[in-house]
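Given next are the chains, with one letter for each unit.
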Amino acid sequence: MVGPGRMKMAEAEAVKGQHSTEALHQRRKLPLRPMRMAIVGFAATVVIGYFVLYSHKKPEASAMDVAKVTTGMSNPENTRPHN
C-alpha cells in the first residue's frame, strides 16, 4: 500500500511537470489593448477630477464654470463670482 504522503508527492510531481512552462498562470496576451486601457484610465481620472471639483465648488459657480476649470480653459473672468 502507498501512504498518503507518497500520493501527495506523486500528485505534486505530476502537476509540476504538466505546467512547467507557465509561471503563475500568466497569459501571453492581455485581454484588452494597452492603448485602450490607457484611454479608459485617463477618462476615468478626468471624470473623478470633475466630480471632486464640482463637489467643492462655491454655490454661485455653475457646472460650466467647473468644466472650464477642469479642462484648463477658464479665464479669471470665469472664476469670479457672477453679480
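Description of the overall build of the chain
Thought 1: The number of helices and strands found in the chain is four helices and zero strands.
Thought 2: In the chain, the order of α-helices and β-strands from amino to carboxyl end is α-α-α-α.
Thought 3: Relative to its 83 residues, the chain shows a buried fraction of 4%.
Thought 4: With an accessible surface of roughly 7900 Å², the chain has 64% of that area assigned to carbon and sulfur atoms.

Concerning the packing of aromatic side chains
Aromatic rings in a pair are described by how distant their centres are and how their planes are angled relative to each other.
Thought 1: On inspection of all chains with the given rule, the structure shows two aromatic pairs.
Thought 2: Aromatic side chains Tyr50 and Phe51 sit 5.6 Å apart centroid to centroid with 70° between the ring planes, which places their arrangement in the edge-to-face category.
Thought 3: Given the relative accessible area of 52%, Phe51 is considered exposed.
Thought 4: With centroids separated by 6.0 Å and ring planes inclined at 20°, the aromatic side chains of Tyr50 and Tyr54 adopt a geometry described as stacked. Pair noted here: Tyr50 and Tyr54 are both in helix 2 (residues 34-55), with a separation of four residues, about one helical turn.
Thought 5: Geometry around Tyr54 places Lys57 over its ring, the cationic atom sitting 5.3 Å from the centre.

Comments concerning the confidence of the model for the chain
Thought 1: When pLDDT is averaged across the chain, the result is 75; 59% of the residues are at 70 or more.
Thought 2: Between the elements of the chain, mean pLDDT differs from a low of 62, seen in helix 1 (residues 4-18), to a high of 91, seen in helix 2.

Things to note about the packing of helix 2 against helix 3 (residues 63-71)
Thought 1: Across the interface, helix 2 lies against helix 3 with an axial gap of 10 Å and an inter-helix angle of 130°. The pairing of helix 2 with helix 3 is recorded here as oblique in orientation. Of the two elements, helix 2 crosses helix 3, and the hand of that crossing is right-handed. Contacts between helix 2 and helix 3 pair Tyr50, Leu53 and Tyr54 from the former with Ala63, Val66, Ala67, Val69 and Thr70 from the latter.
Thought 2: Grouping the constituent residues of the contact of helix 2 with helix 3 by class yields seven nonpolar, one polar and no charged.

Thoughts on a nonpolar patch on the surface
Thought 1: Side chains of Val47, Phe51 and Tyr54 sit close together on the surface and give an oily, nonpolar patch of about 300 Å² of accessible area.
Thought 2: Checked against the element boundaries, Val47 lands in helix 2.
Thought 3: Exposure remark for Val47: the relative accessible area of 44% places this residue in the partly exposed category.

Each value, and the rule that gives it
Residues numbered from 1 in each chain as written. Predicted model: local features only at pLDDT ≥ 70, side-chain atom pairs only at ≥ 80, totals over all residues. Heavy atoms only, no water. Helix = DSSP H or I, 4+ residues; strand = E, 2+ residues; numbered from the N terminus. Buried < 20%, exposed > 50% of the residue type's maximum accessible area, 1.4 Å probe, protein only. Areas by Shrake-Rupley, 256 points an atom, 1.4 Å probe, with all protein chains shown as cover. Phe/Tyr/Trp six-rings, centres within 6.5 Å; stacked < 30°, edge-to-face > 60°. Lys NZ or Arg CZ within 6 Å of the ring centre and 35° of its normal. pLDDT = per-residue confidence, 0-100. Axes fitted to C-alpha atoms, helices over the stretch in contact; angles between N-to-C directions. Parallel < 35°, antiparallel > 145°, perpendicular 65-115°, else oblique. Left-handed = near helix turned anticlockwise from the far one by under 90°. Contact = heavy atoms within 4.5 Å. Nonpolar A, V, L, I, M, F, W, Y, C, P; charged D, E, K, R; others polar. Patch = residues over 30% accessible without salt bridge, like charges linked within 9 Å, V, L, I, M, F, W, Y side chains within 5 Å. Salt bridge = Lys/Arg side-chain N within 4 Å of Asp/Glu carboxyl O.

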